Amino acid sequence: MFNPTREEVRRFFCDTWKKKTERHILAPLEIIAGDWMEQHPEYHSVLADPESALAQDYTPERGETNPFLHLSMHLSISEQISIDQPPGIRQVSETLTKKLGSAHEAQHLMMECLGQVMWEAQREGGQLSPEKYLEALKKLV
């Protein structure tokens, strides 16, 4: 299992953004990441300044969203949908996308569910429950 460091994640997104804006060839994962970054113009200045991005701490207490966590969650959910894991997530995504008229907005709602089950797993010191995750997702539709 791949477990990148904070710096590796941030460098991946910043490097991918640089490659995308300079029209370099992107790897498949970079294409997906680049598409999500494109849909988040509020992050473009952060992505364009890797050294600042590496040093920045994002805390809820300061009312900040961590752009790298947000983009990572988009990537995770995109991968989950593409392989339909947990089974049923693709159908939830399709139904929610139709309901909202936006795959992007659908993923933002799905992110809330993912964040909740991740928080619960951390709090309980256990593994993320795919069943709880899918149960929460199904409540969205």
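Up top you'll find the structure we're talking about.
This structure is a prediction, so every number in the text was calculated from the model and none was measured.

Enquirer: Explain the side chain of R10 to me, please; I cannot follow it from the model alone.
Expert: Here R10 shows up in helix α1 (residues 6-21). One buried charge, R10, has no salt-bridge partner; the nearest side chain with opposite charge is D57, at 5.3 Å. With residues near it in sequence (within four places) discarded, R10 still touches A53, L54, Q56, Y58, N66 and F68.

Enquirer: Sorry, what's going on with the pattern of salt bridges here?
Expert: With the rule as written, the count across this model stands at 9 salt bridges. Here K20 makes a salt bridge to D35, at a shortest N to O gap of 3.8 Å. Taken together, the residues span a long stretch of sequence, with K20 in helix α1 and D35 in helix α2 (residues 28-38) at a distance of 15 residues.

Enquirer: Looking at this structure, I do not really get the packing of α1 against α2. What am I missing?
Expert: The relative placement of two packed helices comes down to the angle between their axes together with the axis-to-axis distance. Where α1 contacts α2, the axes come no closer than 9 Å and their chain directions differ by 85 degrees. Comparing their axes, α2 and α1 come out roughly perpendicular. Residues F12, F13, T16, W17, K19 and K20 of α1 lie in contact with α2, whose contacting residues are L29, E30, A33, G34, D35, M37 and E38. Considering only residue class, the contact of α1 with α2 consists of 6 nonpolar, 2 polar and 5 charged.

Enquirer: Before we go on, may I ask you to explain the side chain of T16 in this structure?
Expert: Within the secondary structure layout, T16 lies in helix α1. Among the polar contacts listed, one links the side chain of T16 to the backbone oxygen of F12, at a separation of 2.7 Å.

Enquirer: Explain the nonpolar core to me, please; I cannot follow it from the model alone.
Expert: It is characteristic of soluble globular proteins that their nonpolar side chains tend to be buried jointly. Core analysis: the biggest nonpolar cluster contains 15 residues, and I77, I81, I89, M110, L114, Y133 and L137 have the highest contact counts within it. Among the secondary structure elements, those contributing two or more residues to this core are α5 (67-83), α6 (89-100), α7 (103-124) and α8 (130-138). Per-element tally for this core: the top contributor is α7, with 6 residues. Setting aside residues up to four positions removed in sequence, L137 forms contacts with I89, V92, M110 and C113.

How each quantity is defined
For every chain, the first residue of the written sequence is number 1, and numbering continues from 1 onward in sequence order. Two thresholds apply to this predicted model, a pLDDT of at least 70 for residue-level local features and 80 or more for giving and counting side-chain atom pairs, whereas whole-chain, interface and lining totals are computed over all residues. Note that water and hydrogens are dropped before the side-chain values are worked out from all heavy atoms of the structure. Secondary structure elements are defined from DSSP: runs of H or I of at least 4 residues count as helices, runs of E of at least 2 residues count as strands, and each element is numbered from the N terminus. The cut-offs for exposure are 20% and 50% of the maximum accessible area for each residue type, with area from a 1.4 Å probe on protein chains only; residues under the lower value are buried, those over the upper are exposed, and the others partly exposed. Positive: Lys, Arg. Negative: Asp, Glu. His and the chain ends are not part of the count. Each salt bridge in this description consists of a side-chain nitrogen of Lys or Arg and a carboxyl oxygen of Asp or Glu lying within 4 Å of one another. Note on contacts: a residue pair is in contact if any heavy atoms of the two residues lie within 4.5 Å. As a rule, the C-alpha atoms of each element are fitted with a line to give its axis, helices using only the stretch in contact, and angles between N-to-C directions run from 0 to 180 degrees. Note that the term roughly parallel is reserved for angles under 35 degrees, roughly antiparallel for angles over 145, roughly perpendicular for angles of 65 to 115, and oblique for everything else. Ten residue types, Ala, Val, Leu, Ile, Met, Phe, Trp, Tyr, Cys and Pro, are classed as nonpolar, four, Asp, Glu, Lys and Arg, as charged, and the remainder, Gly among them, as polar. N or O atoms within 3.5 Å of each other form a polar contact, as long as, within protein, one can give a hydrogen and the other can take it, and as long as residues adjacent in sequence are counted only when both atoms are side-chain atoms. In these notes, a set of buried Ala, Val, Leu, Ile, Met, Phe, Trp, Tyr and Cys residues joined through side-chain atoms within 4.5 Å is what counts as a nonpolar core.

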